[in-house]
Amino acid sequence: MTCMDTDSQVVYSTSGPQTIRCVLVGATQRLKAGGIDSARLDAEVLMCHAIRVEKSQLYVSLDKPLELSARHRFGDLLIRRLHREPIAYITGCQEFWSLDFLVTPDVLIPRPETERLVEISLQCAGAFDGDLPLRIVDIGTGSGALAVTLAKELPRAQVLATDVSPAALEIARHNAARHQVADRIQFRASNLFDSIREHEFHIIVANPPYVRRGELPALAPEVSQWEPRTALDGGLDGLDYYRRIVGQGLRHLLPGGALIMEIGAAMGREIMELLGAAGNYTPPLVYQDYALNDRVIVAYAVSPNSA
Ligand code: GLN
């Protein structure tokens, strides 16, 4: 049989088992026909997973035959992707801040724009007294991406990571162990601050659900059909969780402590107003991500005396 590699425009003839290149070409076509834009890339990632090699190794193996068992494994992965399952759930991993995180459909897949929240949190952390433990709470930790990354980057951080979902906490625990920071992260099932009695945090971080309920069906099928709705649905106006975090957060921050939240691109002004109306926060700052969308908001707790 023959196959055409559309990227290099070379025709390959094979007899017997198909080469990896040939299988990749067929898979790319199927994924494209299935409406998946990143078809070639996805086919390559799935192939790497099926034959258990790194990308660089794949490129030097393209003309090798694909064994039948690997062919079947790859076929199963391809079908999952055609059902629009995200690559990260199929492979079970997602890179965030150059760290490899276990992810399952119990947790939101960490997004690159959330790395911006890490950058800003690290800047804020630098302003606190360098000798003391830095107490950080991550509200709705999901995969633990924020809690683990901050613990990794800040050796003096003591992190409390909470989530309402016990299944998510299991994943976060696994990620903390994987990155050797489990000894500095405490995990706790909590609906926002409900099970948090500690009051003296230097930093609260949160990437709460913020998609407006009516906009959920319009998200990519990878998101709307596969990612946990509880991690996305921010209520009718998308602001439900901000109202609660802004209101309750103050009670848990030290004077001068920072509330740092990821926000939806169009929500900066409304969340600034929420913070302003809560009183006892400094005027908030909104930071953009690298796509120039508003993405992170920061406000500090003022002490009740100086407010
Ligand atoms: N950034 C996510 C999205 O685009 C939403 C994440 C969230 O709600 N915290 O779907």
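Here is a short report on the structure shown in this document. Computed from a predicted model, the values in this text were never measured in an experiment.

A closer look at the overall build of the protein chain
And then number 1: Counting secondary structure elements, the protein chain contains 11 helices and 11 strands.
And then number 2: Within the protein chain, the fraction of its 307 residues that count as buried is 49%.
And then number 3: In the protein chain, the share of contacts with a sequence separation of at least 24, taken over all contacts with a separation of at least 6, comes to 64%.
And then number 4: A total accessible area of about 14,400 Å² is found for the protein chain, and carbon and sulfur atoms account for 54% of it.
And then number 5: Of the charged side chains in the protein chain, 30 are positive and 37 negative, and the gap between their average positions amounts to 3 Å.

Regarding the packing of aromatic side chains
And then number 1: Here the structure, examined in full by the defined rule, presents 1 aromatic pair.
And then number 2: Their ring planes at 75° and their centres at 6.1 Å tell us that Phe 96 and Phe 101 sit as a pair that is edge-to-face. For the residue pair Phe 96 and Phe 101, the accessibility class agrees, reading buried in each case.

Considerations on the pattern of salt bridges
And then number 1: Counting across every chain of the model gives 19 salt bridges.
And then number 2: Arg 21 serves as the salt-bridge partner of Asp 63, at 3.0 Å between the closest nitrogen and oxygen. Of this pair, Asp 63 sits in the loop between helix 3 (55–59) and helix 4 (68–82) while Arg 21 sits in helix 1 (residues 20–33), placing them 42 residues apart in sequence.
And then number 3: Look at Asp 63 and you get partly exposed, because its relative accessible area is 48%.
And then number 4: Of the residues examined, Arg 21 reaches a relative accessible area of 12% and is grouped as buried.
And then number 5: Here Arg 212 makes a salt bridge to Glu 215, at a shortest N to O gap of 3.2 Å.
And then number 6: Each of the salt bridges in this network shares a partner with another, and the network as a whole consists of Asp 42, Arg 81, Arg 84 and Glu 222.

Notes on the site of the ligand
And then number 1: Around the ligand, a shell composed of Leu 108, Arg 111, Asn 207, Pro 208, Pro 209, Tyr 210, Ala 231 and Leu 232 is seen.
And then number 2: Residue Arg 111 places a side-chain N or O atom 3.3 Å away from an oxygen atom belonging to the ligand.
And then number 3: Here the ligand loses 86% of its free accessible area of 300 Å² to cover by the protein chains.

With respect to the environment of Asn 293
And then number 1: Summarising the element assignment, Asn 293 is placed in the loop between strand 10 (285–288) and strand 11 (294–300).
And then number 2: Assessed through its relative accessible area of 31%, Asn 293 is described here as partly exposed.
And then number 3: Sequence-wise, Asn 293 and Ala 266 are 27 residues apart; in three dimensions their C-alpha atoms are separated by 8.1 Å.
And then number 4: Among residues more than four places away in sequence, those in contact with Asn 293 are Ala 265, Tyr 287 and Gln 288.

Re the sheet that holds strand 10
And then number 1: Across the sheet, 7 strands lie side by side as 7-6-5-8-9-11-10; this open sheet has mixed pairing. At either end of the open sheet lies a strand with only one pairing partner, and these are strand 7 (185–189) and strand 10. Ignoring which end each strand starts from, the neighbouring axes of this sheet average 20° apart.
And then number 2: Alignment of strand 8 (residues 201–206) against strand 9 (residues 253–262), held across 5 bridges, turns out to be parallel. Along strand 9, the bridge assignment pairs Ala 206 with Met 261.
And then number 3: With respect to the sheet, helix 8 (residues 166–178) is in contact with strand 6 (157–163) and strand 7, its orientation differing from that of strand 7 by roughly 175°.

Structural notes on the side chain of Asp 42
And then number 1: Structurally, Asp 42 is set in helix 2 (residues 39–51).
And then number 2: Accessibility expressed as a relative area gives 5% for Asp 42, which makes it buried.
And then number 3: The contacts of Asp 42, once residues within four sequence positions are left out, are Leu 31, Ile 36, Arg 81 and Ile 87.

Describing unusual backbone geometry
And then number 1: Here Trp 97, not a glycine, exhibits a phi torsion of approximately 55°, which is positive.
And then number 2: Along the chain, Trp 97 falls in the loop between strand 3 (93–96) and strand 4 (99–102).

Some remarks on the nonpolar core
And then number 1: With 33 residues, the main nonpolar core has Ile 136, Ile 185, Ile 203, Val 205 and Ile 260 as its most contacted residues.
And then number 2: With 6 residues, the top contributor of residues to this core is helix 7 (residues 145–153).
And then number 3: Once you skip the residues sitting within four places of it in the chain, Ile 185 turns out to touch Ala 147, Val 148, Ala 151, Val 159, Ala 161 and Ala 176.
And then number 4: Among the nonpolar cores identified, the runner-up in size contains 25 residues, and Ala 206, Tyr 242, Met 261 and Tyr 281 belong to it.

Cut-offs and rules
- Chains are numbered independently. Their residues run from 1 in the order of the written sequence.
- This being a predicted model, a pLDDT of at least 70 is required before a residue's local features are given, and a value of 80 or more before pairs of side-chain atoms are given or counted; all residues contribute to the totals for chains, interfaces and linings.
- As a rule here, side-chain values cover all heavy atoms of the structure and leave hydrogens and water aside.
- Under the DSSP-based scheme used, a helix requires at least four consecutive residues in state H or I and a strand at least two consecutive residues in state E, with every element numbered from the N terminus.
- Only protein chains enter the accessibility calculation, which uses a 1.4 Å probe; a residue is then buried when its area is under 20% of its type maximum, exposed when over 50%, and partly exposed in between.
- The contact definition used throughout considers only heavy atoms, calling two residues in contact when any of these lie within 4.5 Å.
- Surface accessibility follows the Shrake-Rupley procedure with a 1.4 Å probe radius. Residue values consider only the protein chains on display as shielding.
- Neither His nor the chain ends contribute to the count of charged residues, in which Lys and Arg are positive and Asp and Glu negative.
- Taken as the charge centre is NZ of Lys, CZ of Arg, CG of Asp or CD of Glu, depending on the residue.
- The aromatic pairing rule takes the rings of Phe, Tyr and Trp, using the six-membered ring of Trp, and pairs them if the centres are within 6.5 Å, calling planes under 30 degrees apart stacked, those over 60 edge-to-face and the rest tilted.
- Salt bridge criterion: a side-chain nitrogen from Lys or Arg within 4 Å of a carboxyl oxygen from Asp or Glu.
- Here a residue is near a molecule or strand as soon as one of its heavy atoms is found within 4 Å of it.
- Polar contact criterion, stated in full: a pair of N or O atoms within 3.5 Å, where within protein one must be able to donate a hydrogen and the other to accept it, and residues adjacent in sequence count only if both atoms are side-chain atoms.
- Pairs of strands are assigned from DSSP output, requiring at least two bridges between the strands.
- With axes taken as lines fitted to C-alpha atoms, and helix axes fitted only over the stretch in contact, angles between N-to-C directions fall between 0 and 180 degrees.
- Take the buried residues of types Ala, Val, Leu, Ile, Met, Phe, Trp, Tyr and Cys, join any two whose side-chain atoms come within 4.5 Å, and each joined set is a nonpolar core.

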